[in-house]
Amino acid sequence: MKINRKALVTRHHPVMTTIDPLSPLSVGNGEFAFTADFTGLQTFPDKYTIPLGTQSQWAWHSSGGHDVWSLDDVRLQYRDETTKLGGYPIHAEDKEEPYHWLRQNPHRLQLGQFGFHIVSSSGAQVQPESITNIEQTLDLWNGILHSRFVVEEQEVRVQTCVHPDRDQLVVTVESPLLSEGRLGISIRFPAPGMTARGWDKTIALNWGEADSHVTRCIPDGASGATIERTMDDDSYAVKLQWTQGELSQVGQHDFLLQSSPSSDRLEFAAGFSSSAELITLAGVQDTLEASRRHWETFWMEGGAVELAESADPRALELERRIVLSQYNTAIHSAGSVPPQETGLLYNSWFGKLHLEMHWWHAFHFPLWGRTQLLERSMGWYADILPLARELAQAQGYTGARWPKMVAADGKQSPSVIAPLLIWQQPHPIVMAELCYLADPSQETLQRYGDIVLESAEFMASFAAWDEQGQRYVLGPPVIPAQENHKGEHTWNPTYELEYWRHGLEIAAEWARRMGKPVPPQWDEVREKLSELPEADGVYLAHENCPDTYTKANIDHPSMLGALGMLPGKKADLQVMRNTLLKVMDSWTWEHTWGWDYPMAAMTAARLGEGAWAVDLLLKDVTKNTYLANGHNYQRPGLYAYLPGNGGLLTAVAMMAGGWQGGPEGHAPGFPSDGSWTVRAEGLKRWM
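Residues numbered from 1 in each chain as written. Predicted model: local features only at pLDDT ≥ 70, side-chain atom pairs only at ≥ 80, totals over all residues. Heavy atoms only, no water.

Student: Would you mind going over the overall build of the chain with me for this structure?
Tutor: Secondary structure summary: the chain contains 17 helices and 30 strands in total. Viewed in the frame of its principal axes, the chain has a C-alpha envelope of about 85 × 60 × 50 Å. Within the chain, the fraction of its 687 residues that count as buried is 63%. A separation of at least 24 residues holds for 69% of the contacts in the chain among residues at least 6 apart in sequence. Carbon and sulfur atoms provide 48% of the accessible area of the chain, an area that totals close to 24,600 Å². If the 55 positive side-chain charges of the chain are averaged to one point and the 84 negative ones to another, these points end up 3 Å apart. (Helix = DSSP H or I, 4+ residues; strand = E, 2+ residues; numbered from the N terminus. Buried < 20%, exposed > 50% of the residue type's maximum accessible area, 1.4 Å probe, protein only. Contact = heavy atoms within 4.5 Å. Areas by Shrake-Rupley, 256 points an atom, 1.4 Å probe, with all protein chains shown as cover. Lys, Arg positive; Asp, Glu negative; His and termini not counted. Charge placed at Lys NZ, Arg CZ, Asp CG, Glu CD.)

In structure tokens form, the structure reads like this:
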């Protein structure tokens, strides 16, 4: 019997009847997202721990202008002058100003705050405490946020929606308060600079520094206007259209949209772009209808997993996480560039992309039959390929080296950790392979061929020959996925070794598919890479880490990724079983991260331990919390962690749909004792 997909999705609509500071709700399309409070707009941001963002993939700002500093202006460490290899911007030393400017710029812009201006019968500003009958539902099936609340016995009804194909927000409002002049739309624009709130000082909207930016309003007839925004060398535009109302400027960067006295209904649309000429607004009703069509297609044509008939009492919660993770990754992780860790909710790490997380954000899309959502961001690697080549060459290597922390421009950021990470390097190879499995054509090979081949070329040149051991070695200096290791003391991390083999193997197959010779160095490095480091029957974090399970047992237990995320052709099954048991018993789980649980679950699944896999996927740890809005909470400051959502979907696709070379039975990664009833459709066995 086929899954009733509408019933599956709609039973997990997020419903809010109170203010939940950690769970504002978002609408979006992968390129643009709008996050609202309980009013359906951004009326009471101070009541929410998470900033209420209006963000896009294209809007960035550099303080003081573009290219104020470059990497030529900072110190480089770990440069071997004999081999001419290395040179990484790790420590600021005496170059504090350029170092920190480059870390913070460009940073992602907050494009504006749209909230209600509500006045009481006495003329005072209405506070949230006096609002009653809150009822808000995010309609996942249609992509529309419905909000209802009561002010002094007067009902307000709101619909909030983002166009599926445009950077456009639309809102409908119905209330007697409109015609009374007591309800309007407040539109405010924050300063572009960073604030000093939160764990990484990049979170809150900046309502100071009013003279650091310019806002100019150009009327467009009786029911429209274009707002032009300028800050340093950057600018963008917001085009507004509304019905039966008037827009007035009430502050340097503040506007108020009010309905005409004769109407209890107000509709408005707001489109965003780098230039006003690029904005063509769709009508409000057309946008709502486009959203309904888009999201119904999304849910009907992708994969689906239903667990509600399971005997295990945790099944419905896991099903909720699966459904909401599909929605959240579609609106936050499926844009034209790899996403930031918090998607389009708010800025973490200055809004920059973390390329080592791209796998976790987007690898699941093809497994769930939505390859096109991964392909949106794959072209970005081709765009920055020249910069990736320059980075590799500057460090003495060939091919293209992908940085870790970058803005959309693809330029490496200084960091005490990021420049020494390498596990992002094979990501484009394996993600391109998923695209090829979905469309095994010459067109796919041509589209991603350079990305695959040049990624592998760097990998082969990066591996260092150890004459004494007659083997190739990764590092030092290198920092593994488990980032609490010092670069100068780290070599041969277990997961990265296996990923290097796997990536080079796929790249060689791509060369053959394209009719090109496989460079002999690729095969030599792959065949002579160091063995996975182990001691006492378990895998180590890296070869120089004998205290993996006593002193270094925090952060990611990344050695598990060698069999789970990867096929693990060089991994010994018994050693990995021992490793997983050791991790489950001795790891400091409160210091892990959201993707560690699906990573460990995938290892358990490949080992045939379905019960362990489910327990790990649902482990009761703070970092494995999934909020009412479906986001994976980590800690104060990092309230949403999309790699956890994407990792969950990857693990579930594998556990429910199977994996290459795995058992052919139904839902092979779930327990077979009858406690789980797993119904799955449209999943791909491509892991």
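Once the structure has been displayed, the description carries forward.
Student: For this particular structure, what's the right way to read the sheet that holds strand E12 (residues 154-162)?
Tutor: Across a sheet, paired strands are connected by hydrogen bonds in the backbone, their directions being either parallel or antiparallel. With respect to topology, nine strands assemble into an open sheet ordered E1-E10-E11-E12-E13-E20-E17-E16-E15, the strand pairing being antiparallel. In this open sheet, the two edge strands, each paired with only one partner strand, are strand E1 (15-16) and strand E15 (214-219). In this sheet, strand E17 (residues 234-242) lies alongside strand E16 (residues 224-231) in antiparallel orientation, the contact comprising eight bridges. The residue bridging Ala225 from the neighbouring strand is Leu240, located in E17. (Pairing = 2+ DSSP bridges.)

Student: Looking at this structure, I do not really get the pattern of salt bridges. What am I missing?
Tutor: Between side chains of opposite charge, pairing is possible as soon as their charged atoms come close. Counting across every chain of the model gives 37 salt bridges. Glu681 serves as the salt-bridge partner of Arg5, at 3.0 Å between the closest nitrogen and oxygen. Taken together, the residues span a long stretch of sequence, with Arg5 in helix H1 (residues 5-10) and Glu681 in strand E30 (residues 679-681) at a distance of 676 residues. Like Glu681, Arg5 is buried. Here Glu319 makes a salt bridge to Arg11, at a shortest N to O gap of 2.7 Å. Here Glu319 is found in helix H5 (residues 315-332), whereas its partner Arg11 is found in the loop between H1 and E1, with 308 residues between them in sequence. Taken together, the shared-partner salt bridges connect Arg11, Glu306, Glu309, Glu319 and Arg679 into one network. (Salt bridge = Lys/Arg side-chain N within 4 Å of Asp/Glu carboxyl O.)

Student: I tried to follow the packing of aromatic side chains on my own but got confused; where do I start?
Tutor: Each aromatic ring pair is summarised here by two numbers: the centre-to-centre distance and the angle between the ring planes. Per the counting criterion, the structure on display carries 31 aromatic pairs. When the ring of Trp359 is compared with that of Trp360, the centres are 4.7 Å apart and the planes differ by 70°; the resulting orientation is edge-to-face. For the pair Trp359 and Trp360, a shared accessibility class is recorded, and that class is buried. Following the ring pairs from residue to residue traces out a cluster consisting of Trp359, Trp360, Phe363, Trp423, Tyr495, Tyr499 and Trp595. Above the face of the Trp207 ring, Arg188 is positioned so that its terminal group lies 3.8 Å from the ring centre. Over the ring of Trp589 we find Lys619; its NZ or CZ atom is 5.0 Å from the centre of that ring. (Phe/Tyr/Trp six-rings, centres within 6.5 Å; stacked < 30°, edge-to-face > 60°. Lys NZ or Arg CZ within 6 Å of the ring centre and 35° of its normal.)

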